[in-house]
Amino acid sequence: MEHQEQPHKRRVRYSGTHPKTYKEKYKELQPEKYADTVSKVIRKGSTPAGMHISICVKEILEFLQIQPGQTGLDATLGYGGHTLEMLKCLHSQGHLYALDVDPIESEKTKARLEGLGYGEEILTVLLENFANIDQVSEKAGKFDFVLADLGVSSMQIDNPERGFTYKFEGPLDLRMNPRKGISAAERLKHISQEELQGMLIENADEPYAEEISRAVTGKLRKGREIATTTQLKETIEEALAFVPEKERKEAVKKSCQRVFQALRIDVNQEYEALYAFLEKLPGVLAPGGRVAILTFHSGEDRLVKKSFKELRKAGIYREIAEEVVRPSAEECARNSRARSTKMRWAVKA
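Residues numbered from 1 in each chain as written. Predicted model: local features only at pLDDT ≥ 70, side-chain atom pairs only at ≥ 80, totals over all residues. Heavy atoms only, no water.

## Some remarks on the pattern of salt bridges
Applying the stated criterion to the full structure yields 18 salt bridges. A salt bridge links aspartate 134 to lysine 280, with the shortest nitrogen-to-oxygen separation between them at 3.3 Å. Note that aspartate 134 is positioned in helix α6 (residues 133–140) and lysine 280 in helix α13 (residues 270–284), a separation of 146 residues in sequence. Among the residues examined, aspartate 134 registers a relative accessible area of 28% and is labelled partly exposed. (Salt bridge = Lys/Arg side-chain N within 4 Å of Asp/Glu carboxyl O. Helix = DSSP H or I, 4+ residues; strand = E, 2+ residues; numbered from the N terminus. Buried < 20%, exposed > 50% of the residue type's maximum accessible area, 1.4 Å probe, protein only.)

## Focus: the environment of glycine 223
Within the fold, glycine 223 resides in the loop between α10 (209–221) and α11 (229–239). Counting along the chain gives 34 residues from glycine 223 to lysine 189, while the straight-line C-alpha distance between them is 10.0 Å.

## What about α11?
Residues of α11 that are buried: Thr229, Leu232, Thr235, Ile236 and Ala239. Viewed end-on, α11 has its buried residues packed into an arc of 125°, placing them on one side of the element. Looking at the buried residues of α11, the elements they touch are α8 (184–189), α10 and α12 (245–267). (Arc of directions from axis to C-beta. Contact = heavy atoms within 4.5 Å.)

## Here's the deal with the nonpolar core
Counting residues in each nonpolar core, the largest one holds 32 residues, and the members touching the most others are Phe130, Phe277, Leu281, Ile293 and Phe308. Contributions of two or more residues to this core are made by β2 (95–100), α6, β4 (143–149), α13, β5 (285–295), α14 (298–313) and β6 (317–320). Sort the elements by how many residues they give to this core and α13 lands first, with 8 residues. For phenylalanine 130, the residues in contact, after removing those within four places along its chain, are Ala75, Thr76, Leu99, Ala148, Leu150, Ala273, Leu274 and Phe277. (Core = buried A, V, L, I, M, F, W, Y, C linked by side-chain atoms within 4.5 Å.)

## Description of the confidence of the model for the protein chain
Averaged over every residue, the pLDDT of the protein chain is 86; the share at 70 or more is 83%. The model gives residues 9–22 a pLDDT under 50, and that stretch makes 23 contacts with residues more than four places away or in other chains. Scored below 50 in pLDDT, residues 45–50 shows 30 contacts in the model against residues more than four places distant or in partner chains. (pLDDT = per-residue confidence, 0-100.)

## Here we look at the pairing of strand β3 (residues 123–127)
Regular strands place side chains that alternate from one sheet face to the opposite one. Taken together, the 5 bridges between β2 and β3 define a ladder with parallel strand orientation. Counterpart to leucine 96 in the pairing with β3 is leucine 123. Considered for its hand, the β-α-β crossover made up of β2, helix α5 (residues 103–115) and β3 is right-handed. (Pairing = 2+ DSSP bridges. Right-handed = clockwise from strand over helix to strand, strands pointing away.)

## Concerning the packing of α6 against α13
Between α6 and α13, whose axes approach to 9 Å, the crossing angle comes to 20°. On the basis of the axis angle, α6 is roughly parallel to α13. In this structure, α6 crosses over α13, and the sense of that crossing is right-handed. Between α6, through Ile133, Asp134 and Ser137, and α13, the contact on the second element is made entirely by Phe277, Lys280, Leu281 and Val284. Across the contact of α6 with α13, the residue classes break down as 4 nonpolar, 1 polar and 2 charged. (Axes fitted to C-alpha atoms, helices over the stretch in contact; angles between N-to-C directions. Parallel < 35°, antiparallel > 145°, perpendicular 65-115°, else oblique. Left-handed = near helix turned anticlockwise from the far one by under 90°. Nonpolar A, V, L, I, M, F, W, Y, C, P; charged D, E, K, R; others polar.)

## As for the sheet that holds β4
Reading across from one edge, β3-β2-β1-β4-β5-β7-β6 is the order of the 7 strands in this open sheet, with mixed pairing throughout. Of all strands in the sheet, those with a lone pairing partner are β3 and β6, marking the two edges. Mean inter-strand twist for the sheet, computed between neighbouring axes without regard to direction, equals 15°. Relative to β4, strand β1 (residues 71–74) is paired through 3 bridges, and the arrangement is parallel. Bridge pairing in β4 places aspartate 74 opposite leucine 147.

## Observations regarding the layout of surface pockets
Gaps left between atoms show up when a probe the size of a water molecule is rolled over them. Roughly 940 Å³ of internal volume is contained in the second largest pocket. Lining the second largest pocket are 44 residues; nearest its centre among them are Val101, Asn129, Met176, Asn268 and Glu270. Those elements that provide at least two residues to the lining of the second largest pocket are α4 (81–90), β2, α12 and α13. Classifying every residue of the lining of the second largest pocket gives 16 nonpolar, 15 polar and 13 charged. (1 Å grid on protein atoms, 1.4 Å probe; cavity = no way out; pocket = protein on both sides within 12 Å on 5 of 7 lines; lining within 4 Å. Points joined across faces, edges and corners; volume = space filled by probe spheres on them.)

## Quick word on the packing of aromatic side chains
Considering all chains together, one arrives at 6 aromatic pairs under this definition. Ring centres of phenylalanine 130 and phenylalanine 277 lie 4.5 Å apart, and the angle between their planes is 10°; on these two criteria the pair is classed as stacked. Residue phenylalanine 130 is found in the loop between β3 and α6, and its partner phenylalanine 277 is found in helix α13; the two are separated by 147 residues along the sequence. The exposure class of phenylalanine 277 is buried, given its relative accessible area of 0%. The interplanar angle of 75° and the centroid separation of 5.5 Å between the aromatic rings of phenylalanine 308 and tyrosine 317 together place this pair among those described as edge-to-face. The class for phenylalanine 308 is buried, based on a relative accessible area of 2%. Judged by relative accessible area, tyrosine 317 falls into the buried class, the value being 1%. Directly above the ring of tyrosine 79 sits arginine 112, whose terminal nitrogen or CZ lies 3.7 Å from the centroid. (Phe/Tyr/Trp six-rings, centres within 6.5 Å; stacked < 30°, edge-to-face > 60°. Lys NZ or Arg CZ within 6 Å of the ring centre and 35° of its normal.)

Rendered as structure tokens:
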């Protein structure tokens with residue numbers, strides 16, 4: 001049989017200066033290959049597609065005071081930016097454990113860090129929820145330093161196939177691990193108006209929770225679909241039609257951000273995981289061990305603040321952050337996603 005030559009398939013063109021779709025941004029998606037394009041995007045104050053710019057790196061490292069030979073834990077690996085900086089502090093002595101529930105991104109990050117020379121002798125990456133730090137510590141021993149960055153990685157937000165953002169058309173999924181649990185679209189099918197309203201208030205302080213929950217459940221009851229990010233965004237737009245026209249665009253944008261956040265927290269049971277993490281944290285820290293936590297909305301920050309205060313009162317932490325640590329103005333100008341960040345820390349007695 002004659003060998004048929006495969007027709008040459010051209011790579012997707014980076015059309016014009018502003019590629020429209022995520023997949024066309026191949027220059028940004030391969031940062032190691034197109035460093036000039038990536039640095040240009042960062043200089044503009046944006047985050048390159050498929051990449052995540054770590055927040056509060058200087059503040060975290062100043063507080064953690066990592067020494068060579070120590071054992072540490074990055075409870076939320078993500079793109080691995082914080083992990084890399086912590087590994088550098090170890091100077092090839094000691095060990096860092098890193099957890100993530102996202103099988104897609106953690107695999108990429110592990111390979112990227114291996115390529116930079118951080119193999120299994122210094123770094124152990126585990127597909128594990130940070131709610132299970134006690135199980136990790138059983139094998140790893142006590143930790144001298146722990147970091148938890150509770151933000152969603154930009155790689156997840158930017159990829160429309162994951163459904164984390166209302167800005168792109170995609171399936172309404174929102175799961176950190178798309179192989180587990182149910183999607184946000186499924187969750188909405190089985191929720192009452194009262195429960196959805198409560199979720200929007202509890203998880204995102206949504207001022208239009210009643211109107212939006214009524215619009216969503218009303219549409220689903222009529223047999224109409226809310227299976228994509230765009231369908232949810234359009235439903236929010238319909239619910240806020242009563243807002244004066246000159247304020248409506250901004251109101252819709254902010255409500256979309258809050259509704260997607262509330263759903264993401266619910267679908268991934270983020271509060272339950274954070275409760276478990278905070279409760280088990282003292283048990284995995286070595287005496288004098290240090291922990292830093294980055295939060296991105298008031299609900300998370302309240303939980304962290306309350307836990308740290310109570311445990312200091314009980315003598316379990318010898319010191320905690322009295323005031324919240326914020327990223328510098330320069331960092332917020334460089335990276336708009338840093339603006340809502342709050343960092344709190346504690347030191348084990």
